[in-house]
Structure formats: C-alpha cells, structure tokens
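Architecture at a glance
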Amino acid sequence: MTCIDIGLVNNMPDAALDTTERQFRALLGAAADDMAIRLMLYSLPEVPRTEFGRQQVSGYSDLGSLWDSHLDGLIVTGAEPRAADLEDEPFWDSLTRVLEWAERNTHSTILSCLAAHAGILHFDGIARQPLGDKRFGVFECVRVSDHPLTAAAPNRLRIPQSRWNGIREEALLACGYRVLTRSEDAGVDSFVKQRNSLFVFFQGHPEYDATTLLLEYRRDIGRFLRRERDTYPTMPHGYFDQETVEALTALRQRALLDRREELLAEFPTAMAAGKVTNTWRSTAVSLYRNWLLYIRAQKEQQLAQSHVGATVNA
C-alpha cells in the first residue's frame, strides 16, 4: 500500500493549536478510506507564543528539518493577523520559504485562510482587501468549476468562514487562478493554481468542528468585554437557531449597557452547543478525499516513471 506523507504547518494561536491539529487529523482520517496517511507536524518559529504555546509546539518537528525532506502534500494553516500588511508579519520570511519549498517538493499544497492570502501575494502580488466587518459564519457556496477536487461535490455547499479580509475574483482570474466555489454573500471560497505543485487555496474552513464558530464568537465577546476590541462582534451568519439568536441578542444588549467581563458567564454555551450542527462535514470529507486521491495518483505516476527510468538505465 502506498503511504502518503502529509505535513501540517500549524500556525494557529496557542489556544487553538491542539484543536486545529485534532480537526485536521480527524478530517484526513475520515477522508483517507483505504489510504495510509502519515502526518508530520511543524509550526513557523516566529509566530508569537506564550510559554504554554511553546510547550505545545515543542513536540513538533523543527521547521529546519523540512528543507531537506520530501512530502507528498502539505497543509499550511492561517494565523491570527497582527499587521495590516502581510509582509510585516513576523513570520513572513519563514512562510514564504515554506511556499517556495512546497512548490519544489510536494505534489499539492493546501493554503488555508491567511496562508492563502500570503500565497497569492507572494507568488503573484495579489493583495488581500480589508472587509468592512468580519466575514463570519456558515455561507452557502456554489460550485462554479469542474475539477478533480470538487468531483461528486453538490452544486451548492455550506462552508464556514472567519476572516477580516477578502480577495477580488477578477485579480485571481487575471493571474491564472481557477475559482472552484464562491458565495454570493462571502465571495470567493476555494480556488486552485497549477504551478510545479498544485496549490489549493481555501478562504473558508471546511476543517472546523460544529462548535468552532460558537467558541470563536464567545472569545470575541470576551475581548469586547475586556476592552481589547472596540466593537461588539457580529453574530455568525447562518449558524444559530432562533432561540439561540434571541438569547445572544439579549446578552449583547446587556453588554452594551453594562460592559464588564463578568457578563461572559451569561453566554449560553451549553444551550448553543447542543443546537449547532456540522452541516459541512460531508463536503469537507469529499474535498479532502479528492485531494488525497490526486496526491496518490501523482505519487504512483512518479514512482512508475522512476521505475521505467531505472529499467532503461539498467
């Protein structure tokens, strides 16, 4: 059986490191079927970490070991943005080195959220565009292009989004990118470009669990109550049922009148968690299964060509 070696460069904030690793392990496991998958973990060393976060990534492989290795596929997560300009992020140089390495050493690489924005900026000079508010929630997307990655995917699919920036579709098309899915409300969702490696870009988060947006919304409310942000966060789109919406609306009204951290205890976490559902799971599994099948086919083709070459030279 051909084993597929996948690297995960996990750049998420400390509190989300373990969750993100678990989400991708579970998604790859569900998508693998009869394929054997070996997952290696990395993180960009310049991502700001507390001592807690440094302990968490201490079990990851050193990024320096990546340069002399070969992986069949790579996944690079986003990171919490700290700079208005991506090139001013402390990890920019390491991230672009990973992108250059991935083009030469993988059959395909997935770039998620901020990493997707970094990829198109580095390769083609396409700058992300700030949004008026956070693009946050579960949005209906339409499949607009036939591609092996979207084989068997429904024409309409729901994908979580969580980002402060977007990309102009015209800029992508002008530089040879192929848009796979888009949303009328959220814009471009997924797109690809064939370079030496097939680069796959997700602005959304098919890997998310059912409760990820819920916990992120609670986190952002806490930041407002602690005065770490100026505005009360927008409720996630297309996610909560009416009863939860009413309870969260009431909390918002109280918080705007009496802004103090203690109010976070009134967030209806248990009620909301019992009602949200993962409506995008089957789509996510299908996308990642198609990605793994593509990688396996490329790897087997490469092995077959190497065998033929070795026979000819014998």
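None of the values given here were measured: they were computed from a predicted structure.

1. A look at the packing of aromatic side chains
Enumeration over the complete set of coordinates arrives at 13 aromatic pairs. Here the aromatic rings of F123 and F199 are separated by 5.1 Å at their centres, their planes lie at 65°, and the arrangement is edge-to-face. Taken together, the positions of F123 in helix α4 (residues 114–124) and F199 in strand β9 (residues 198–202) put the pair 76 residues apart, joining distant regions of the chain. Given a relative accessible area of 14%, F123 falls into the buried group. Residue F199 is classed as buried on the basis of its relative accessible area of 0%.

2. A closer look at the pairing of strand β1 (residues 3–9)
Most of β1 sits inside the fold, with six of its seven residues counted as buried. Considered for its hand, the β-α-β crossover made up of β1, helix α1 (residues 17–32) and strand β2 (residues 36–42) is right-handed. As paired strands, β1 and strand β3 (residues 73–76) are joined by four bridges and run parallel to one another. Counterpart to V9 in the pairing with β3 is V76.

3. Notes on unusual backbone geometry
A positive phi is found at D33, a non-glycine position, where the angle reads about 55°. Turning to its location among the elements, D33 is positioned in the loop between α1 and β2. Its relative accessible area of 55% is what places D33 among the exposed residues. If you check the backbone angles, A152 has positive phi at about 70° while not being a glycine. Following the sequence through the fold, A152 ends up in the loop between β5 (129–143) and β6 (156–166).

4. Some words on the side chain of S183
The topology assignment puts S183 in strand β7 (residues 178–183). Accessibility expressed as a relative area gives 4% for S183, which makes it buried. Here D185 takes part through its backbone nitrogen, which lies 3.1 Å from a polar atom of the side chain of S183. For S183, the contacting residues outside a window of four places in its chain are F139, E140 and C141.

Criteria and thresholds
- Residues numbered from 1 in each chain as written.
- Predicted model: local features only at pLDDT ≥ 70, side-chain atom pairs only at ≥ 80, totals over all residues.
- Heavy atoms only, no water.
- Phe/Tyr/Trp six-rings, centres within 6.5 Å; stacked < 30°, edge-to-face > 60°.
- Helix = DSSP H or I, 4+ residues; strand = E, 2+ residues; numbered from the N terminus.
- Buried < 20%, exposed > 50% of the residue type's maximum accessible area, 1.4 Å probe, protein only.
- Right-handed = clockwise from strand over helix to strand, strands pointing away.
- Pairing = 2+ DSSP bridges.
- Polar contact = N/O pair within 3.5 Å; in protein donor to acceptor, adjacent residues only side chain to side chain.
- Contact = heavy atoms within 4.5 Å.

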